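So you can see what is in the structure, the chains are spelled out below.
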Amino acid sequence: MTDRYVFDVAVVGLGPAGATFARLLNSSLKVIALDKKDDTEDSFRKPCGGLLADDAQKCFARFGLTLPVGVLVNPQIFSVRTMDLVTGYERHYQRFYLNMDRHKFDCWLKSLIPESVDVHNGVSVSGFKDLGDCYEISVTENKTRKTYYARYIVGADGANSVVRHTLFPNHKIRSYLAIQQWFPDEHESPMYSCIFDKTLTDCYSWGVSKDNCFIVGGAFPARRARDKFRTLKEKLTKRGFKLDSPVKTETCLVLSPRHPWQFRIGRGRCFLIGEAAGFISPSSLEGMSYAFDSAYRLAELFNNGKEVTLKDYRRATCLLRGKLVLKLLKKPFIT
Ligand SMILES: Cc1cc2nc3c(=O)[nH]c(=O)nc-3n(C[C@H](O)[C@H](O)[C@H](O)COP(=O)(O)OP(=O)(O)OC[C@H]3O[C@@H](n4cnc5c(N)ncnc54)[C@H](O)[C@@H]3O)c2cc1C
């Protein structure tokens, strides 16, 4: 034990949850943060709508943070065009989203992490084991295998969380395959659309303008997801959407918890925040507000200076989980 450097906390993943958590921790804690993303073009990029909803904006107000204009894209959105492809219904409703470049936003959040945190970019965590007084964390960094040691692990590594899989190998949270494609935007006026079609998915699809591009995507049950995405595009093309020559295709897992007991907040001295814990709205797939909120609540516990327990964290996230349960009840009505 004597020649090992043991950090107080290891944060795995620096998306909105991990970057916020690392930013808020007291500088007296010895913190290491390990993130897959780096500055290179082919680095990990989260496929996302990149819309900052009202609840996430409220978190920014609580943090006293303002958003740099460099992360915003054209246009800013006040109206959502909602379409049901089966019934043909179409409505517009008012909503105040901030339309962002998701990758720039993630990089900006990371840039706010203080220097007291030892940040490692381009690092993939493959697993960890409990040595009793600390965890041994295995990573691949610069194509070599390394180990780090920490008393606590905070898993902020998103939907496909290695930390959650290591803690709960048999636990499953309902998930969809999200597929989205980027096209040159050739529409007369830019827009944000929410698209429902129960023959394709019991979740929903979207179309959003971002600078000179138009993104079309959907969250589909994994079986024949690509066929369903193709059918979605055909149906949208018939309705006047211009979807020729995609410039980029992105896919990833997106969680949509079905029951309150599908949330997982951690085990032992490992805690889960953000989507790694299953904290994402099952009705709208809005996840950033829950990422910020869970990160803030866990950081507050660490900053108290006492031992942090799962019981404390469970109590601290009680309202957040309650809010998600209400979204669960809303889901059948919204779709
Ligand atoms: C298609 C799509 C559209 C969405 N649109 C919106 C939207 O418009 N608005 C909204 O609020 N939410 C949206 N969401 C949900 C939102 O993206 C997530 O809920 C949110 O990103 C969760 O943040 P997080 O920090 O918990 O996880 P993530 O953002 O997934 O971040 C996880 C981080 O962990 C790192 N990582 C992963 N694995 C490892 C590993 N093994 N080792 C080291 N690092 C690792 C990655 O680099 C990543 O940065 C969307 C989701 C999808 C899939």
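Residues numbered from 1 in each chain as written. Predicted model: local features only at pLDDT ≥ 70, side-chain atom pairs only at ≥ 80, totals over all residues. Heavy atoms only, no water.

## Some details on the pattern of salt bridges
Taken as a whole and assessed by the stated rule, the structure comprises 18 salt bridges. A salt bridge links Lys37 to Asp35, with the shortest nitrogen-to-oxygen separation between them at 3.1 Å. Of the residues examined, Asp35 reaches a relative accessible area of 5% and is grouped as buried. We note a salt bridge from Lys110 to Asp35, for which the minimum N-O separation is 2.7 Å. Here the residue Lys110 occupies a position in helix H3 (residues 102-111), and Asp35 occupies one in strand E2 (residues 31-35), the gap between them amounting to 75 residues. Of the residues examined, Lys110 reaches a relative accessible area of 14% and is grouped as buried. Ionic contacts of the salt-bridge type, sharing partners, join the residues Asp54, Asp55, Lys58 and Lys323 into one network. (Salt bridge = Lys/Arg side-chain N within 4 Å of Asp/Glu carboxyl O. Buried < 20%, exposed > 50% of the residue type's maximum accessible area, 1.4 Å probe, protein only. Helix = DSSP H or I, 4+ residues; strand = E, 2+ residues; numbered from the N terminus.)

## Description of the layout of surface pockets
The volume enclosed by the second largest pocket comes to roughly 280 Å³. What lines the second largest pocket is a set of 20 residues, among which Asp101, Arg102, His103, Trp182 and Lys248 lie closest to the centre. Residue assignment for the lining of the second largest pocket shows that the elements contributing at least two residues are H3, strand E10 (175-184) and strand E14 (248-255). Of the residues contributing to the lining of the second largest pocket, the split by class is seven nonpolar, three polar and 10 charged. For the lining of the second largest pocket, the two domains that each supply at least three residues are domain 1 (6-50 + 104-173 + 257-334) and domain 2 (69-100 + 175-255). (1 Å grid on protein atoms, 1.4 Å probe; cavity = no way out; pocket = protein on both sides within 12 Å on 5 of 7 lines; lining within 4 Å. Points joined across faces, edges and corners; volume = space filled by probe spheres on them. Nonpolar A, V, L, I, M, F, W, Y, C, P; charged D, E, K, R; others polar. Domains from an automatic or database assignment.)

## A short note on the nonpolar core
Counting residues in each nonpolar core, the largest one holds 67 residues, and the members touching the most others are Phe21, Phe105, Phe292, Leu298 and Phe302. If one sorts the elements of this core by residue count, helix H6 (residues 288-303) sits on top with nine residues. Discounting chain neighbours no more than four positions away, the residues touching Phe21 are Val9, Val11, Val154, Ile273, Ala295, Leu298, Ala299 and Phe302. The next biggest cluster of nonpolar side chains, apart from the first, holds 25 residues, and it includes Ala53, Val80, Ala159 and Trp182. (Core = buried A, V, L, I, M, F, W, Y, C linked by side-chain atoms within 4.5 Å. Contact = heavy atoms within 4.5 Å.)

## Describing the site of the ligand
Around the ligand lies a shell of 37 residues, among which Asp35, Lys37, Leu51, Arg102 and Glu275 are the nearest. One nitrogen or oxygen atom from the main chain of Ala17 is found 2.9 Å from an oxygen atom belonging to the ligand. For the ligand, a nitrogen atom lies 3.0 Å from a polar atom in the backbone of Gly49. Computed on the free molecule, the ligand has an accessible area of 1000 Å², of which 95% lies beneath the protein chains in the complex. Among the secondary structure elements, those contributing two or more residues to the shell around the ligand are helix H1 (16-24), E2, strand E7 (123-130), E10, E14 and H6. For the shell around the ligand, the element with the highest residue contribution is E7, accounting for three residues. Here the shell around the ligand is built from residues that sort into 20 nonpolar, nine polar and eight charged. Summarising the domain contributions, the shell around the ligand has at least three residues from each of domain 1 (6-50 + 104-173 + 257-334) and domain 2 (69-100 + 175-255). (Near = heavy atom within 4 Å. Polar contact = N/O pair within 3.5 Å; in protein donor to acceptor, adjacent residues only side chain to side chain. Areas by Shrake-Rupley, 256 points an atom, 1.4 Å probe, with all protein chains shown as cover.)

## Things to note about helix H8 (residues 318-334)
Along its 17 residues, H8 runs 24 Å from first to last C-alpha, staying within 8% of the 24 Å computed at 1.5 Å per residue. Regarding H8, the residues found buried are Leu320, Arg321, Leu324, Lys327, Leu328 and Lys331. Structurally, H8 contributes buried residues whose contacts are with E10, H6 and helix H7 (310-316). (Expected span 1.5 Å × (residues − 1).)

## As for the domain arrangement of the chain
How large an interface is tends to be reported as the accessible area lost when its parts come together. Per the domain assignment, the segments of the chain are domain 1 (6-50 + 104-173 + 257-334) and domain 2 (69-100 + 175-255). For domain 1 versus domain 2, the separation of C-alpha centres amounts to 28 Å. Facing the 21 residues of domain 1 at the interface are 22 residues of domain 2. Contact with domain 2 buries surface across domain 1, with Pro47, Gly50 and Leu285 losing the most and accounting together for 30% of the total. (Buried area = accessible area lost by both parts, 1.4 Å probe.)

## Describing the side chain of His103
Within the secondary structure, His103 is located in helix H3. We classify His103 as buried; its relative accessible area is 15%. Once you skip the residues sitting within four places of it in the chain, His103 turns out to touch Lys37, Ser43, Phe44 and Arg45.

## Things to note about the packing of helix H2 (residues 54-63) against H6
Relative to each other, H2 and H6 sit at 30°, their axes nearing to 7 Å. Pair H2 / H6 crosses with left-handed handedness. For the pair H2 and H6, contact is made by Asp55, Ala56, Cys59, Phe60, Arg62 and Phe63 and by Met288, Ser289, Phe292, Asp293, Tyr296 and Arg297, respectively. Here the residues of the contact of H2 with H6 are counted per class, giving seven nonpolar, one polar and four charged. (Axes fitted to C-alpha atoms, helices over the stretch in contact; angles between N-to-C directions. Left-handed = near helix turned anticlockwise from the far one by under 90°.)

## Considerations on the sheet that holds strand E4 (residues 77-84)
Strand pairing in a sheet is mediated by backbone hydrogen bonds. Such pairs are either parallel or antiparallel. Taken in spatial order, the eight strands of this open sheet run E3-E5-E4-E11-E12-E13-E10-E14, and their pairing is mixed. On the outer flanks of this sheet lie strand E3 (51-52) and E14, each paired with one strand and no other. By the bridge criterion, four bridges tie strand E11 (residues 192-196) to strand E12 (residues 205-210) in an arrangement that is antiparallel. Along E12, the bridge assignment pairs Ser193 with Gly207. (Pairing = 2+ DSSP bridges.)

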